[in-house]
Amino acid sequence: MTQHDRLLIIDFGSQVTQLIARRLRELDVFCEIHPYQNVTDAFLDAFAPKAIIFSGGPDSVTRAGSPRPPKKAYELGVPILGICYGQQVMMQDLGGKVEARHGSAEFGRAYVTPSDDRIDLLAGWFLDGTGREQVWMSHGDHVSEIAPGFEVYATSPGAPFAITADLNRRFYAVQFHPEVHHTPNGRTLYENFIRDAGFTGDWTMGAYREEAIQKIRDQVGDAKVICALSGGVDSSVAAALLHEAIGDQLTCVFVDHGLLRLNEAEEVVGMFRDHMNLRVIHAQEQDLFLGELEGVSDPETKRKIIGKLFIDVFQKYADDIEGARFLAQGTLYPDVIESVSFSGGPSVTIKSHHNVGGLPEKMGLKLVEPLRELFKDEVRVLGRELGLPASFIGRHPFPGPGLAIRCPGEITREKLDILRKADAVYIDQIRKHGLYDEIWQAFVAILPVRTVGVMGDGRTYDYACALRAVTSVDGMTADYYPFSHDFLGETATRIINEVKGINRCTYDITSKPPGTIEWE
Ligand code: XMP
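Quantities reported herein were computed from a predicted structural model and do not represent experimental measurements.

(A) Expanded view of the sheet that holds strand S4 (residues 80-83). Ordered in space as S2-S1-S3-S4-S11-S10-S9-S6-S7, the 9 strands form an open sheet in which the pairing is mixed. Where the open sheet ends on each side, the last strands, each with one partner, are strand S2 (30-35) and strand S7 (133-139). Direction aside, neighbouring strands of the sheet carry axes that sit 25° apart on average. Pairing geometry for strand S10 (residues 159-166) and strand S11 (residues 171-174), over 4 bridges, is antiparallel. For Thr164, the partnering residue across the bridge sits in S11 and is Ala173. Sitting on the sheet, helix H1 (residues 17-26) touches strand S1 (6-11), S2, strand S3 (51-54) and S4, and the angle it makes with S2 is about 165°. Sitting on the sheet, helix H3 (residues 85-93) touches S3, S4, S7, S10 and S11, and the angle it makes with S4 is about 120°.

(B) Quick peek at the side chain of Asp141. If you trace the backbone, Asp141 turns up in the loop between S7 and strand S8 (142-145). A polar contact of 2.6 Å, which involves the side chain of Asp141, links it to the side chain of Ser60. When near neighbours in sequence (up to four residues on either side) are disregarded, Asp141 contacts Ser60, Val61, Thr62, Gln88, Val98, Glu99, Ala100, Arg101 and Gln175.

(C) Geometry of the pattern of salt bridges. Under the defined criterion, the tally for this structure stands at 29 salt bridges. A salt bridge links Asp428 to Lys432, with the shortest nitrogen-to-oxygen separation between them at 3.1 Å. Highlighted residues: Asp428 and Lys432, both in helix H14 (residues 413-432), separated by 4 residues, approximately one helical turn. On the basis of relative accessible area, Lys432 is assigned to the exposed category, the value being 60%.

Conventions adopted
- Residues numbered from 1 in each chain as written.
- Predicted model: local features only at pLDDT ≥ 70, side-chain atom pairs only at ≥ 80, totals over all residues.
- Heavy atoms only, no water.
- Pairing = 2+ DSSP bridges.
- Helix = DSSP H or I, 4+ residues; strand = E, 2+ residues; numbered from the N terminus.
- Axes fitted to C-alpha atoms, helices over the stretch in contact; angles between N-to-C directions.
- Contact = heavy atoms within 4.5 Å.
- Polar contact = N/O pair within 3.5 Å; in protein donor to acceptor, adjacent residues only side chain to side chain.
- Salt bridge = Lys/Arg side-chain N within 4 Å of Asp/Glu carboxyl O.
- Buried < 20%, exposed > 50% of the residue type's maximum accessible area, 1.4 Å probe, protein only.

This is the structure we're talking about:
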């Protein structure tokens, strides 16, 4: 348990509940999302929230048996903000009326205008001279009568009760979603709400770092911990934090499968071992992995081979570390949030491609997950606090199977060497043009075709490659990055001149969907 002021988000199943948490974390407020099924009276006592938010949700409060918060939530004397479904639930629970959808629903951009009475919740709203604010609506049902004690503070054409509040009890109810981008002033509304609730903004990374270190020490005692270090942001920050907490009780294993980028192993091992003094075992298993992958061209078979070998290799090295009782994982908060499922009870989302899946039980290890309260952007802030170089923290994601899935068809050492060089030139170009941080992920794929070219007086017959660069938020959907033609021309020229073995460059302009980010 943290000692921070805590805000509870009761999740009724909205697609955007996580965004509420992110907005609040940005305001230095510690909050947790819990599915409504789990929020019992006892839970509320234990959690002791300083404020509560009811999320939106897909159900209709007019349906018997629809999701509810416990009555006790209203009796705690803490401020509550109800959003969309959460607003309707609040109104109905407190004596108002909600009508089921009839005719059309209201989805998308809408504009709210204020009543004459101004409230603190809306401080900073309606100031741009238009007399209205843009908000994002997404509802079928609507409140037809507000609960006793509530007043209306803003309306929209489709929602006469767009913003209502009972100022005595500090209950606020909004029909729209202030957490989404399309409610441009939504952040101010959250800011006002948490100020009213008395939050002091005590969720800072500096404070969290000290707390997390103490927590790790309490959990681990004097036992040894092992950690699979990949050089990605999550495992790097987890390792740095653990090292600060328990020093040499931590041993990291960096598995080199021969499918890494140019100089990657040296950079990662060099930084953690030589620069930061962590115990790092550099498992040089290139021959094992590349041997097993010989002649394999099916992408899923490649993944299975690499995943299985990774676990075998990690276990082999871990077995040699005497007294290891914990395995560290860079699990993040979005991996552990229980989501509301309407087909059954709450369900847990777990990363599907976890590198060390199943290992802890097999090896009799307990898990230590020092990042499980953090969102990805918070992990980056923590990494900076811990002194990791910006170049590590801002790195593009890199898949566990590495270059194997950027080399469609059979993998050979020759192709991997060519690919590494081309990728290094491409990334160098992107950095030189100041574009690295604008792009979510960029890489080269070497294609399993040779093409004819002419260089100097001679004919060439070399590989073609594809450059890929995408923007994305979470990798689930992606758009190709709109490089200028000049950039693409210059980059193709550099790759073809500097990388022996490639004589043709293409740029992949497929979005996801229908494509995927990786080629395999
Ligand atoms: P796709 O290609 O599915 O990629 O659009 C989405 C994101 O996931 C990464 N990726 C993987 N990461 N093991 C991983 O650890 C994998 O097998 C794997 N496949 C794809 C990909 O790099 C992108 O960031």
